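Residue-level structure breakdown
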Amino acid sequence: MPDNEVTVTMKARSQNEAFARIAAAAFVSAADPVLSDVTDIKTAVSEAVTNAIIHGYASDPARDVRMTMRMDGGDIYIEVSDDGAGIEDVALARQPLYTSRPELERSGMGFTVMEAFMDSVEVESSPGGGTRVIMRKRLSG
Amino acid sequence: MRMRVDEGRRCLIVALSGEIDHHAQRETGAEIDHAFGRKRCRNIVFDFAGVSFMDSSGVGLVIGRYRRAREVGGSIAAVNLNPSMGRIFEISGLKKLMPVYGDVDSALSRM
C-alpha cells in the first residue's frame, strides 16, 4: 500500500476506546493485513488510549487524546499522545502488574500488553508534561 | 452477557459477549458481582466464546471476581479463550490463578 498518515483527535471518553480501535483497524486495512496483526494493533491501541484517558486525564471528557497512524513500507507506526498528568517514573509504570490506580480494578498490564503485541514501544513522558507512546509493528507477509 | 447458575456446584456461569475494554469493565463487573451475591454462589466459570475483543481490562475484570470467589472459599475458571485472549492471560499470570478449559461442561465437571 502507499505510505499514508492519518491523525484523529478524540475526547477523553471511554466510548472512544472502541472508536480508536476501529480507526486503527480501518487505517491498516489498506495494507490487506492478516487478522492476527489487526487484532494485535487494536489491542495495543486500546491499551494506549485507555492509559491516556484514565491516567493522563483522570477521565476528564473535556481533554483531547491524539492518535497518529503512519504506514511506512511494511511498518505501521501508531503514536498516542495526551497533554495530561504525565508519568513520574516511566520504567516503573512499564513494569508488569504496576498500577497507579488500584481502586479502578486495573491489572497494571497495559504497557506489557503493548510490548507483547507490537514490535517496539517507546514512551516519552514528564510529570505535568503529558505522555507520548510510539508503537511500531512490521506487518506479516 | 448472559448468566446462569449451576445450583449443585454453586457456580455462576458467565457467558461474556461483545468487547471487553475499560469502558465495559465496570458495568460488567458490577452485574456479575450482583448475581454472584444474590445467588449465593461460590464459583465462577467465565465463558469467552461470545467475546469479539478483549484488552487487559479483561484481566482486571477476572482478578476482581477471583477475589470475590476466594472470599467465600470458591474458585474460578475460564473457557473458550481465543489465541489473543490466551496470550493476555499468559503474560498477565492469570493462568496461574485459574484453570482454562475447552468448554463449560469440562470446567463444571472439575468445580
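Preceding block: the structure.
Note that the structure is a prediction, hence the values are computed from the model and not measured.

Topic: the overall build of chain A
Looking only at helices and strands, one finds four helices and five strands in chain A. Put simply, chain A runs from its N terminus to its C terminus through helices and strands in the order β-α-α-β-β-α-α-β-β. By the compact-globule yardstick of 14 Å for 141 residues, chain A fits well, its C-alpha radius of gyration being 14 Å. Evaluated residue by residue, chain A yields a buried proportion of 49% over its 141 residues.

Overview of the packing of aromatic side chains
Both the distance between ring centres and the angle between the ring planes are used here to describe each pair of aromatic rings. Per the stated rule, a full pass over the model turns up two aromatic pairs over all chains. Measuring from ring centre to ring centre gives 5.6 Å for Phe-48 of chain B and Phe-89 of chain B, while their planes differ by 90°; the resulting arrangement is edge-to-face. Taken as a pair, Phe-48 of chain B in strand β3 (residues 43-54) and Phe-89 of chain B in helix α3 (residues 83-92) lie far apart in primary sequence, 41 residues in all. A residue is classified by how much of its surface remains accessible, and Phe-89 of chain B, at 0% relative accessible area, is buried. In textbook terms, an aromatic cluster arises when at least three aromatic residues are bridged by ring pairs, as seen for Phe-46, Phe-48 and Phe-89 of chain B. The aromatic ring of Tyr-77 of chain A is capped on one face by Arg-70 of chain A, whose charged end is 4.5 Å from the ring centroid. Note that Arg-87 of chain B overlies the ring of Phe-117 of chain A, its terminal NZ or CZ placed 4.3 Å from the centroid.

Focus: helix α1 (residues 15-29) of chain A
Helix length check: α1 of chain A (15 residues) gives 22 Å between terminal C-alpha atoms against 21 Å at 1.5 Å per residue, within 8%. All of the buried residues in α1 of chain A are Asn-16, Glu-17, Ala-18, Ala-20, Arg-21, Ala-23, Ala-24, Ala-25, Phe-27 and Val-28 of chain A.

Quick word on the packing of helix α4 (residues 110-117) of chain A against α3 of chain B
Between α4 of chain A and α3 of chain B, whose axes approach to 11 Å, the crossing angle comes to 125°. Classified by the angle their axes make, α4 of chain A and α3 of chain B are oblique. The way α4 of chain A lies across α3 of chain B gives a crossing that is right-handed. Every residue of α3 of chain B that contacts α4 of chain A at Thr-112, Val-113, Ala-116 and Phe-117 of chain A is listed here: Ser-84, Arg-87, Ile-88 and Ile-91 of chain B. Of the residues that constitute the contact of α4 of chain A with α3 of chain B, the class distribution is five nonpolar, two polar and one charged.

Section: the interface of chain A and chain B
Of the residues lining the interface, 24 residues belong to chain A; the matching set on chain B comes to 20 residues. Both sides of the chain A and chain B interface together cover about 1,800 Å² of buried area, and 51% of this is carbon and sulfur. For chain A, the biggest contributors to the area lost against chain B are Arg-21, Glu-105 and Phe-117 of chain A; these three give 28% of the whole. Of the charged contacts in the structure, one is a salt bridge between Arg-21 of chain A and Glu-19 of chain B, with a shortest N-O distance of 2.8 Å. Linking chain A with chain B are 13 residue pairs in polar contact (both at pLDDT 80 or more), by the criterion used here. Secondary structure elements with two or more residues in the side of chain A that touches chain B: α1, α2 (35-56) and α4 of chain A. The dominant element in the side of chain A that touches chain B, judged by the number of residues it contributes, is α2 of chain A, at eight residues.

Let's talk about the packing of α2 of chain A against α4 of chain A
Residues and elements named next belong to chain A. Axis separation between α2 and α4 bottoms out at 9 Å; the angle between their running directions is 155°. One finds that α2 runs roughly antiparallel with respect to α4. Of the two elements, α2 crosses α4, and the hand of that crossing is left-handed. Across the interface between the two elements, Asp-40, Thr-43, Ala-44, Glu-47, Ala-48 and Asn-51 from α2 touch Gly-110, Phe-111, Val-113, Met-114 and Phe-117 from α4. In terms of residue class, the contact of α2 with α4 is built from six nonpolar, three polar and two charged.

Here we look at the nonpolar core
Counting residues in each nonpolar core, the largest one holds 36 residues, and the members touching the most others are Ile-41, Met-67, Ile-78 and Met-135 of chain A. Residue contributions to this core peak at eight residues, all from α2 of chain A. Residue contacts for Ile-41 of chain A: discarding those within four places in its chain leaves Ala-24, Val-28, Ile-76, Ile-78, Met-118, Lys-137 and Leu-139 of chain A. Ranked by size, the runner-up nonpolar core spans 29 residues in total, among them Val-113 of chain A together with Val-14, Leu-16 and Met-54 of chain B.

What counts, and where the lines are drawn
Residues numbered from 1 in each chain as written. Chains lettered and ligands numbered in written order. Predicted model: local features only at pLDDT ≥ 70, side-chain atom pairs only at ≥ 80, totals over all residues. Heavy atoms only, no water. Helix = DSSP H or I, 4+ residues; strand = E, 2+ residues; numbered from the N terminus. Rg over C-alpha atoms; globule rule 2.2 N^0.38 Å. Buried < 20%, exposed > 50% of the residue type's maximum accessible area, 1.4 Å probe, protein only. Phe/Tyr/Trp six-rings, centres within 6.5 Å; stacked < 30°, edge-to-face > 60°. Lys NZ or Arg CZ within 6 Å of the ring centre and 35° of its normal. Expected span 1.5 Å × (residues − 1). Axes fitted to C-alpha atoms, helices over the stretch in contact; angles between N-to-C directions. Parallel < 35°, antiparallel > 145°, perpendicular 65-115°, else oblique. Left-handed = near helix turned anticlockwise from the far one by under 90°. Contact = heavy atoms within 4.5 Å. Nonpolar A, V, L, I, M, F, W, Y, C, P; charged D, E, K, R; others polar. Buried area = accessible area lost by both parts, 1.4 Å probe. Salt bridge = Lys/Arg side-chain N within 4 Å of Asp/Glu carboxyl O. Polar contact = N/O pair within 3.5 Å; in protein donor to acceptor, adjacent residues only side chain to side chain. Core = buried A, V, L, I, M, F, W, Y, C linked by side-chain atoms within 4.5 Å.

Nothing here speaks to function; it is geometry throughout.
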